[in-house]
Structure formats: structure tokens, C-alpha cells
Amino acid sequence: MGLLKKIGMQCRKPSGRLGRFMGRAMNSGHAKLRRWGLSQISIKPDSYVLDIGCVGGMAIKEIASTLSNGKVCGIDYSEDMVQLSQKVNDKLIQQGIVEIIQASVSSLPFEDDTFDFAIAIESYYFWPDMVNDLKEIKRVLKPGAFLLLVNGAYKDAKFEKRNSKFEKLLEIKFHTPDEYKDFLLEAGYKIEKINTRPEKNRICIVAQKS
């Protein structure tokens, strides 16, 4: 397996020494994208938040710093990323503000109507079944709660040459804003907003459990 292919697989499910390096790199490399996305929602001090595909745990740490009576739960299907995220958030875990477990978006280990917000930053590309996974997320959201999807690329003619290389390398597929809308509507959400930064090919979607 070539080096680029190895890196691509690590993006899908980071593991081992290279995976831990990738997780730490994502913590810093995704900072601007992450903060732009989180600025699109209003998390309250008593909110319960689910981070799907938490990787290195920095989004969890940043959200938890704004909470007083709330809690952040993070999941990742990579055991190594769960361990890294737990290390990054060790003090917050000890304080009972944060919980991080190994789990899949397709089968979330939480009761119905648990969370005020669910976020997924740069992770939807790797979900096994987009619509059914969105429905599973909706199950654990409270009525009227919000889902935030934040991604560093979407399907756009201006970036087609670059993005097609990423799709091949990572074995993923990018989607247009309209396709995002269709997925979410089919899964039973109400679209709150779809924001893009066309010059950077970034997209942020906020949808509500109706």
C-alpha cells in the first residue's frame, strides 16, 4: 500500500502511531473550520451535546469550556481516537462534564430524546448509510434540538479537480448543498440554514428535529 493510500485510510479510521499523529494534526488543522461551524449554533451552559466522530477531542474540549450544568458526549469508532480524545479531555472527564466512548453513528448507545445538539465535523463522509444514520442521530435528539454538520469540502465545479482526487484517495463522495438538503429532509429534519464559504469550499448545515 502506497503512502498516500495509508494516509487516506488513516483519515477514515485513524489507528496506531500514524493515526494518533493524524488525530493531533486534525485538532489543530481543523481549528478554523471547527470554530466557524460552532459559531453557527447557540449552545447554552446547560446543553447536552453529542460529538459524532470526535477524533482528537478538541471540539469536545472547546464546547465543554462553555458549559456549567451541561455535558458533552463524544463517540468515535476508532479505539485509538477514543483514547486520544479521553487524554485531551482527562480533567473534564474527571469533573463529569465529558464522556467519550467507542461507538458507531449507525447504532448510538443513548436513549431517545437525550441531546440538545449533535455535531459532526468532517465525519459524515465516512458514515455507512447517510439517511439512516441521520435518522439514528435524530432519535437521540430532543424534540426541537439541532444537528450541526460542518465539512471542509462540498461538491462544486470550481473545486472538482481537487475534490475528485480526495474522493478517490479517501474512497468517499462529496455532495452539493441541495443533496445535503435532500438527505436531511428524507431523514425527517427541518432545514434551519445552509451556509457555505465558496472561496474555501466549506459548508455548514444546521437542521432541526421536527
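Remember, it's a predicted structure, so these values are computed and weren't measured experimentally.

Before going further, it helps to examine the nonpolar core. One finds Leu50, Ile52, Trp127, Leu134, Ile137, Leu147 and Tyr189 to be the most contacted residues of the largest nonpolar core, which totals 37 residues. Mapped by element, the contributors of at least two residues to this core are strand E1 (48-52), strand E2 (71-76), strand E4 (115-121), helix H7 (130-140), strand E5 (141-151), helix H9 (177-186) and strand E7 (202-209). By residue number, the principal contributor to this core is H7, which donates five residues. With residues near it in sequence (within four places) discarded, Ile137 still touches Ile52, Val105, Leu108, Ala118, Trp127, Leu147 and Tyr189. With 24 residues, the next largest nonpolar core counts Ile41, Leu92, Ile97 and Val206 among its residues.

Take the sheet that holds E7 next. Reading across from one edge, E3-E2-E1-E4-E5-E7-E6 is the order of the seven strands in this open sheet, with mixed pairing throughout. Because the sheet does not close on itself, it has two edges, and the strands there are strand E3 (98-102) and strand E6 (189-197). The average angle at which neighbouring strand axes cross in this sheet is 15°, direction not considered. Bridge count for E5 against E7 is six bridges, and the pairing is antiparallel. The partner of Val150 across the bridge, within E7, is Cys204. Running over the sheet, H9 touches E5, E6 and E7 and is turned about 160° from E6.

If you walk through the whole model with that rule in mind, you get six aromatic pairs. Seen in terms of ring centroids, Phe110 and Phe115 are 5.0 Å apart; in terms of plane orientation they differ by 90°. Their pairing is edge-to-face. A relative accessible area of 14% places Phe110 in the buried class. Phe115 gets classed as buried once you look at its relative accessible area, which sits at 0%. Ring centres 4.8 Å apart and planes at 45° place the aromatic pair Tyr124 and Tyr125 in the tilted group. Like Tyr125, Tyr124 is buried. Here the basic side chain of Arg197 rests over the ring of Trp36, its NZ or CZ set 5.8 Å away from the ring centre.

If a probe the size of a water molecule is rolled over the atoms, the empty space left behind becomes visible. If you add up the space inside the largest pocket, you get close to 880 Å³. Grouping the amino acids of the lining of the largest pocket by side-chain chemistry returns 25 nonpolar, nine polar and eight charged.

Moving on to the pattern of salt bridges. Considering all chains together, one arrives at nine salt bridges under this definition. Arg139 serves as the salt-bridge partner of Asp112, at 2.7 Å between the closest nitrogen and oxygen. Residue Asp112 is found in the loop between E3 and E4, and its partner Arg139 is found in helix H7; the two are separated by 27 residues along the sequence. Owing to a relative accessible area of 47%, Asp112 belongs among the partly exposed residues under this scheme. By relative accessible area, which is 25% here, Arg139 ends up partly exposed. Overlapping salt bridges, with partners in common, bring together Arg34, Arg35 and Glu62 in one network.

Rules behind the numbers
Residues numbered from 1 in each chain as written. Predicted model: local features only at pLDDT ≥ 70, side-chain atom pairs only at ≥ 80, totals over all residues. Heavy atoms only, no water. Core = buried A, V, L, I, M, F, W, Y, C linked by side-chain atoms within 4.5 Å. Buried < 20%, exposed > 50% of the residue type's maximum accessible area, 1.4 Å probe, protein only. Helix = DSSP H or I, 4+ residues; strand = E, 2+ residues; numbered from the N terminus. Contact = heavy atoms within 4.5 Å. Pairing = 2+ DSSP bridges. Axes fitted to C-alpha atoms, helices over the stretch in contact; angles between N-to-C directions. Phe/Tyr/Trp six-rings, centres within 6.5 Å; stacked < 30°, edge-to-face > 60°. Lys NZ or Arg CZ within 6 Å of the ring centre and 35° of its normal. 1 Å grid on protein atoms, 1.4 Å probe; cavity = no way out; pocket = protein on both sides within 12 Å on 5 of 7 lines; lining within 4 Å. Points joined across faces, edges and corners; volume = space filled by probe spheres on them. Nonpolar A, V, L, I, M, F, W, Y, C, P; charged D, E, K, R; others polar. Salt bridge = Lys/Arg side-chain N within 4 Å of Asp/Glu carboxyl O.

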